[in-house]
Amino acid sequence: MKESSTAPPGAKAQTAPPDRNPHRPLHLHGRFVLLVAAGGILGALSRYGFGMALPAPNAWPLPTLLINLSGALALGWLLEALARSGPDAGLRRIARLGIGSGFLGAFTTYSTLALDSVHLFGAGRGMDAMWYLAASLLGGVAATTLGIWLGALRHRSNHRTPKART
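Each value, and the rule that gives it
Residues numbered from 1 in each chain as written. Predicted model: local features only at pLDDT ≥ 70, side-chain atom pairs only at ≥ 80, totals over all residues. Heavy atoms only, no water. UniProt positions renumbered as here; feature names shortened; annotations may be inferred. Helix = DSSP H or I, 4+ residues; strand = E, 2+ residues; numbered from the N terminus. Polar contact = N/O pair within 3.5 Å; in protein donor to acceptor, adjacent residues only side chain to side chain. Contact = heavy atoms within 4.5 Å. Patch = residues over 30% accessible without salt bridge, like charges linked within 9 Å, V, L, I, M, F, W, Y side chains within 5 Å. Areas by Shrake-Rupley, 256 points an atom, 1.4 Å probe, with all protein chains shown as cover. Salt bridge = Lys/Arg side-chain N within 4 Å of Asp/Glu carboxyl O. Buried < 20%, exposed > 50% of the residue type's maximum accessible area, 1.4 Å probe, protein only.

The name an unreviewed UniProt entry assigns to the chain is Fluoride-specific ion channel FluC, from the organism Arthrobacter gyeryongensis. A UniProt comment under Sequence similarities (unreviewed entry) is attached to the chain, and it reads "Belongs to the fluoride channel Fluc/FEX (TC 1.A.43) family." Of the comments in the UniProt record for the chain, the one headed Function (unreviewed entry) reads "Fluoride-specific ion channel. Important for reducing fluoride concentration in the cell, thus reducing its toxicity."

As structure tokens, then:
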């Protein structure tokens, strides 16, 4: 079968230069590293903005808890939706790396969770610290599970066959 082309006869077809080593790990591809970094910058700025806008009642780290729980929910939904929509390539890979690893990776912050816990323990508020850790860890598992469930539900609802009308 002959390929059709819009190029004039005798002209060389322009193609993207082949990757020198297409099987190298993603973290060695500069464009993917930049994509994750750009998403990370936006995620960190968003976390900072939400952290400043949300109240911290009695110096209890509610902003960090809400940020981490919403990020866990979003990441569970995103990864499940992407996994169910096809192979990790093209726009799905870009979304996974830019939004998942980059934005949501920087938006959620377990280093701040640890620091907040240390501050609560250091201030003699051990019970507050324990509640915070339990809410963060168990809530994170629950939020991620809910996100996965929502991603699966979205996929199932998009692939239902319509019932015949009578």
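Our focus in this paragraph is the side chain of T108. For T108, the location among the structural elements is in the loop between α3 (90-107) and α4 (110-122). Side-chain polar atoms of T108 contact the backbone oxygen of L104, separated by 2.8 Å. When sequence neighbours within four positions are dropped, the list of residues in contact with T108 reads R47, I67, N68, G71 and A72.

Right, let's talk about a nonpolar patch on the surface for a bit. Taken together, the side chains of W77, L146, W149, L150 and L153 present a nonpolar region at the surface, about 440 Å² in accessible area. Considering every element that reaches the nonpolar patch, the biggest residue donor is helix α5 (residues 126-158), with 4 residues.

Moving on, we get to the UniProt feature "transmembrane region" (unreviewed entry) in the chain. Per the UniProt record, the feature "transmembrane region" (unreviewed entry) sits at residues 32-50, 62-82, 94-111 and 131-153. For residues 32-50, the end-to-end C-alpha separation is 27 Å, with 100% helix and 0% strand making up the annotated structure. Along residues 94-111 the backbone is 89% helical and 0% strand, and the end-to-end C-alpha distance reaches 26 Å.

Further remarks concern the side chain of E80. Mapped onto the secondary structure, E80 falls in helix α2 (residues 62-85). Since its relative accessible area comes to 18%, E80 is described here as buried.

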